[in-house]
Amino acid sequence: MSKKRVLSGIQPTHDSFHLGNYLGALKQWVDMQENHDAFYCVVDLHALTVETDPKLLKKRTLLSAAQLIAIGLDPNKCTLFVQSHVPAHNQLAWVFECITGFGEASRMTQFKDKSQKSGADRINVGLFTYPILQAADILLYQPDFVPVGEDQRQHVELTRDIAQRFNSKYKEIFNIPKPEIIKSLAKINDLQDPTAKMSKSASSMAGVIELLDTPEATLKKFKSSVTDNGKEIKFDEKLKPGISNLLTIHSALSGKSITDLESEFSGKGYGDFKAAVAEVVIAKLEPISKRTNELMDDPAELSRVLSNGAQKASEVASTTLKAAYSAIGLA
């Protein structure tokens, strides 16, 4: 039986992914490559919707790819590539822009939110057409499903609408993919504000655990993490959000149940517990950081891996693009 095909992408908008990214999606990417025909993409074109220094964008694109390999993506088991290395993404996006209504594009939540905050005059056209490029990213590879977070469900629905519209108007070219909402391995919150999700848009990075943090930086962040006035190490999201968050992190990385951890740390102080959580996190992240740095120190090897990935992706993408061009009447 042939493997189901999946496609997912991540933006290179920061130097390092964080623990929430890893447990929320990336760890599942690694698992999925084992029994799926998996295509994973660093979506650097999408990153252009935000003003970025060119040197920084290039560095972050390579860093993102290096981290994906370091966490366990195997280029022999999946197709790992950079979006801009496959020109078919832009080429199909233009076709889709011409069959997508202005109204349906303007209803996309992310565009609505940002244009309401900043005013439509200050939003670039790329942010408006972003979900249409995303539809091209997906449909080029004819995936069976797209693993996404809940916040991207609307974009996958638009992708399905565009595919169905093209298929009924011209010719049955596109597979209609299903959104597969990734169940996060754990809901990871900010160490300084344990009621808020860990995010790069936090006002301070003091509560965000980055995959490339040094062990010293990680330990410092855990030691200064916000807890509560009590003494008991017990899971209670309402009354003890800080301790609950630390228990969740330990459990997600150590594989121990929260009940077992509550017993293990019964009678111990918060300081000991914080240090123990930091130890588990450091043990997981240190090899990732080391491998990322090795890859960044060997740009020729990283370039070779991404070039091979782009070639594999292009073979699939160009076949789809050619069929779409023919169906729409491009000579």
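Calculation criteria
- Residues numbered from 1 in each chain as written.
- Predicted model: local features only at pLDDT ≥ 70, side-chain atom pairs only at ≥ 80, totals over all residues.
- Heavy atoms only, no water.
- UniProt positions renumbered as here; feature names shortened; annotations may be inferred.
- Helix = DSSP H or I, 4+ residues; strand = E, 2+ residues; numbered from the N terminus.
- Buried < 20%, exposed > 50% of the residue type's maximum accessible area, 1.4 Å probe, protein only.
- Lys, Arg positive; Asp, Glu negative; His and termini not counted.
- Salt bridge = Lys/Arg side-chain N within 4 Å of Asp/Glu carboxyl O.
- Polar contact = N/O pair within 3.5 Å; in protein donor to acceptor, adjacent residues only side chain to side chain.
- Contact = heavy atoms within 4.5 Å.
- Domains from an automatic or database assignment.
- Buried area = accessible area lost by both parts, 1.4 Å probe.
- Nonpolar A, V, L, I, M, F, W, Y, C, P; charged D, E, K, R; others polar.
- Expected span 1.5 Å × (residues − 1).
- Bend = angle between axes of the 7 residues up to and from the residue.
- Pairing = 2+ DSSP bridges.
- Phe/Tyr/Trp six-rings, centres within 6.5 Å; stacked < 30°, edge-to-face > 60°.

As annotated in an unreviewed UniProt entry, the protein carries the name Tryptophan--tRNA ligase and is attributed to Candidatus Nanopelagicus abundans. Under Function (unreviewed entry), UniProt gives the following word-for-word description of the protein: "Catalyzes the attachment of tryptophan to tRNA(Trp)." For the record of the protein, the UniProt heading Sequence similarities (unreviewed entry) holds the text "Belongs to the class-I aminoacyl-tRNA synthetase family."

1. Concerning the side chain of D137
Along the chain, the position of D137 falls in helix α7 (residues 125–139). The charged side chain of D137 is buried without a salt bridge, its nearest counter-charge being R5 at 14 Å. In terms of polar contacts, D137 uses its side chain to reach the side chain of H46, at 2.7 Å. Within polar-contact distance, the side chain of D137 engages the side chain of H89 at 2.7 Å. If we ignore the near neighbours within four places in the chain, the residues touching D137 are L7, V43, H46, Q83 and H89.

2. Digging into the domain arrangement of the protein
The assigned domain composition of the protein is domain 1 (5–186 + 298–328) and domain 2 (215–292). Computed from C-alpha atoms alone, the centre-to-centre distance between domain 1 and domain 2 is 34 Å. Facing the ten residues of domain 1 at the interface are nine residues of domain 2. Buried surface at the junction of domain 1 and domain 2, both sides included, amounts to about 780 Å², of which 85% is carbon and sulfur. On the surface where domain 1 and domain 2 come into contact, there are zero salt bridges. In this structure, the connection of domain 1 to domain 2 is made through zero residue pairs in polar contact (both at pLDDT 80 or more). Breaking the side of domain 1 that touches domain 2 down by element, the ones donating at least two residues are α1 (19–32) and α3 (54–71). For the side of domain 1 that touches domain 2, the element with the most residues is α3, which contributes six residues. Class assignment of the residues belonging to the side of domain 1 that touches domain 2 gives a composition of nine nonpolar, one polar and no charged.

3. Here we look at the environment of F235
Counting through the fold element by element, F235 comes out in the loop between α9 (215–223) and α10 (241–254). Classification of F235 by relative accessible area gives partly exposed; the value is 29%. For the pair F235 and E286, spaced 51 residues apart in the sequence, the C-alpha separation amounts to 27 Å. Ignoring any residue separated from it by four or fewer positions in sequence, one finds F235 in contact with S244, L247, T248, I258 and E262.

4. Some remarks on α1
Note that an α-helix has 3.6 residues per turn; residues three or four places apart therefore point the same way. With 14 residues, α1 extends 19 Å between its outermost C-alpha atoms, agreeing within 8% with the 20 Å of an ideal straight helix rising 1.5 Å per residue. Its maximal kink placed at A25, α1 deviates by approximately 40°. Next to the buried residues of α1 lie β1 (5–10), β2 (37–42), α3, β4 (145–148), α10 and α12 (270–296).

5. Some points on the pairing of strand β3 (residues 78–82)
Among the five residues of β3, five are classified as buried, and the element is accordingly described as predominantly covered. Across the two faces of β3 the burial is the same, with C78, L80 and V82 and T79 and F81 all buried. As paired strands, β2 and β3 are joined by five bridges and run parallel to one another. The residue of β3 that forms the bridge with F39 is T79.

6. Quick look at the packing of aromatic side chains
One pass over the full model with this rule turns up eight aromatic pairs. With a centroid separation of 5.2 Å and 35° between ring planes, the pair formed by F39 and Y141 is classed as tilted. One end of the pair, F39, is in strand β2; the other, Y141, is in the loop between α7 and β4, with 102 residues separating them in the sequence. Since its relative accessible area comes to 0%, Y141 is described here as buried.

7. Section: the pattern of salt bridges
According to the stated counting rule, one finds 15 salt bridges in the structure shown. Note that E237 is salt-bridged to K187, the shortest N-O span being 3.9 Å. One end of the pair, E237, is in the loop between α9 and α10; the other, K187, is in the loop between β5 (178–181) and α9, with 50 residues separating them in the sequence. On the basis of relative accessibility, which here comes to 55%, the residue K187 falls in the exposed class. A salt bridge links R291 to E294; the shortest N-O distance between them is 3.5 Å.

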